Amino acid sequence: MVNRHYFGTDGIRGRANQMPMTVDVALNLGKALGAVLPRRGAALKVLIGKDTRRSGYMFESALAAGINASGGEVLFTGPLPTPAIAHLTTAMRCDIGIVISASHNPYYDNGIKIFAANGFKLPDDTERELERYLDDPSLCQVALTENIGRSKRIDDAPGRYNAFIKSNFERDLSLDGLKIVIDCANGAAYRIAPTVLEELGAEIVEIGTSPNGYNINDGVGALHPETCAKAVLAHGAHIGISLDGDADRLILVDETGRIVDGDDTMVMLAIDLHRRGLLKRDTLVTTVMSNLGLHQALHARGIQTVQTAVGDRYVVEMMRAEGYSLGGEQSGHIVMLDHATTGDGLLAALRVLSLMQRTRESLSSLASVMQHLPQVLVNFAVSKKVPLSELKDSSKLIAEIERKYGENGRVLVRYSGTESKCRVMLEGEDRALLEKDAQTIAEAIRAEIG
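A short tour of the structure in this document, coming up. (Residues numbered from 1 in each chain as written. Predicted model: local features only at pLDDT ≥ 70, side-chain atom pairs only at ≥ 80, totals over all residues. Heavy atoms only, no water.)

1. Focus on the sheet that holds strand β12 (residues 259–260)
Where we set the bar: Whether two strands pair depends on DSSP finding at least two bridges between them. In this text, helices come from DSSP runs of H or I with a minimum length of four residues, and strands from runs of E with a minimum of two, each type numbered from the N-terminal end. Contacts are assigned to residue pairs with any non-hydrogen atoms lying within 4.5 Å of each other. Axis angles are defined between N-to-C directions and span 0 to 180 degrees, where every axis is a line fitted to C-alpha atoms and, for a helix, only to the segment in contact.
The strand order across the open sheet formed by five strands is β9-β8-β10-β11-β12, and the pairing between neighbours is mixed. The two strands at the open ends of the sheet, each matched to only one other strand, are β9 (203–207) and β12. Docked against the sheet, helix α7 (residues 225–235) engages β8 (179–183), β9, β10 (239–243), β11 (250–253) and β12, running at close to 155° with respect to β10.

2. Remarks on the side chain of R249
Condition: Burial classification: accessible surface area is computed with a 1.4 Å probe over protein chains only, and a residue below 20% of its type maximum counts as buried, one above 50% as exposed, and the rest as partly exposed. In this tally, Asp and Glu contribute negative charge and Lys and Arg positive charge; neither His nor the terminal groups of the chain are included. Definition used for salt bridges: Asp or Glu carboxyl oxygen within 4 Å of a side-chain nitrogen of Lys or Arg. Under the rule applied, a polar contact is a pair of N or O atoms within 3.5 Å (in protein, one hydrogen donor and one hydrogen acceptor; residues adjacent in sequence only if both atoms are side-chain atoms).
Inspection of the secondary structure assignment puts R249 in the loop between β10 and β11. Buried and without a salt bridge, R249 has D244 as its closest oppositely charged side chain, separated by 4.1 Å. Looking at R249, its side chain comes within polar contact range of the side chain of H104, at 3.3 Å. The residues contacting R249, other than those within four sequence positions of it, are H104, A222, L223, S242, L243, D244, S331, G332, H333 and G345.

3. Some points on the packing of aromatic side chains
The test is simple: The pairing test for Phe, Tyr and Trp rings, Trp by its six-membered ring, is centres within 6.5 Å, and the orientation test on the planes gives stacked under 30 degrees, edge-to-face over 60, and tilted for anything in between.
Taken as a whole and assessed by the stated rule, the structure comprises three aromatic pairs. Plain terms: the ring middles of Y107 and Y108 are 5.5 Å apart, the flat faces sit at 75° to each other, and that makes the pair edge-to-face. What makes Y107 partly exposed here is its relative accessible area of 35%. Within the aromatic cluster, the residues linked to one another by ring pairs are Y107, Y108 and Y214.

4. Topic: the nonpolar core
Defined as follows: In plain words, nonpolar cores are sets of buried Ala, Val, Leu, Ile, Met, Phe, Trp, Tyr and Cys residues tied together by side-chain atoms within 4.5 Å.
Within the largest apolar cluster, 69 residues are counted, with the highest numbers of intra-cluster contacts made by I241 and L353. Counting residues per element, this core draws most heavily on helix α11 (residues 345–359), at nine residues. Once residues lying within four places of it in the same chain are set aside, the contact partners of I241 are I180, V181, I182, D183, L197, C228, L250, I251, L252, A349 and L353. Counting residues in each nonpolar core, the second largest holds 31 residues, with A32, I112, A116 and L130 among its members.

5. Focus: the environment of V253
Summarising the element assignment, V253 is placed in strand β11. The residues touching V253, leaving out its near neighbours within four places in the chain, are P225, C228, A229, V232, I239, G240, R258, V260 and L363.

6. Focus on the packing of helix α1 (residues 23–36) against helix α2 (residues 56–69)
Operational definition: Should the near helix be turned anticlockwise from the far one by less than a right angle, the crossing is left-handed, and should it be turned clockwise, the crossing is right-handed.
Here α1 crosses α2 at 35°, and the two axes come no closer than 6 Å. Crossing geometry of α1 relative to α2 is assigned as right-handed. Along its contact with α1, which presents V23, A26, L27, L29, G30, K31 and L33, the element α2 presents M58, F59, A62, L63, A65, G66 and I67.

Any functional reading would require information that these geometric values do not contain.
Dropping the structure here:
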């Protein structure tokens, strides 16, 4: 098996101009795609979109150069949300779609996500094959001079996605009378999201719609919903919508300024779909990070839950394999396979807005069905990701704390799939005790890794 040191749980990601996010890797990846990916026509047809990071320009050019060198054709969309690229890849009959984005990470990071022709992320086997070519670029073959590919801009890409998004909002409804704060994180949705909401009738207050290449996710967006919450209260808005840098995450704010996370949103949507007989297999797919309160709220209403490892790709894989229609993550990835192939923050926001308009209920009322148990999350940097099972002292400590909580709490320790960090999550009834135990575990891991 090829050692995977390029692809993580969400494509290739890292600091721009440092391995693996270098121009050389992007160039070789472009060539490798021509060798590995199946194509409908004589030449590979590739759609490339990006967020607003300054480094996106060079990765866009490098990928295109590699694809063209292998004989492939490239279509550039400019800044567009990740789910827009997934949708347009299928709608425009492309062989693959590429998103240049590090999602919620700071501007100095970047990433490359790849969607297959069906709009879903590449399977592990394909990524492993690409790794083989990245490890040995000499395997990549370039096209004959007369077969070199070319690139061009697609000016109507935002309009195509706009039409798709609005087609998922009931024609007999509008957003008339709603004041909405929309925070686009200075990211990929900075134009499209305000436009869609205004065209549907909302009065909007914009935040994070002035990207400069460096301010993506900087104090705004889904990772900083408190900024949106302040604006909701200041402007007397009915709802706040916070997207992340590539707009595949959604965190909401209700009219009282309370933050409504991905768990809340999944519960609201699951109950609504279940009530209308549209929740396939009466089941919601979540990750192990979802709050126990989510499971309690849904089980009380006859809705089952299934858990996966952390990462929206694992949620999607479970949904596709078992025929489920709704899933997501506490962090704000909401996946609705009846409408889209990946998490879409704007689409999820419209489904919540539809629910509010159909029921004439406030967001605070709709979200009140779920009661959160106290949850503490500690993130800390690590120099290397030593398997937790090999950290004997830390493993023993974690087991002791798990026994202490029993059925009244949870302990989850894992490494990030996209960053050099370890995450310690504890859930239970006593927040002070949770915080103390989480820090104790974090300190033990730090000490043992060195």
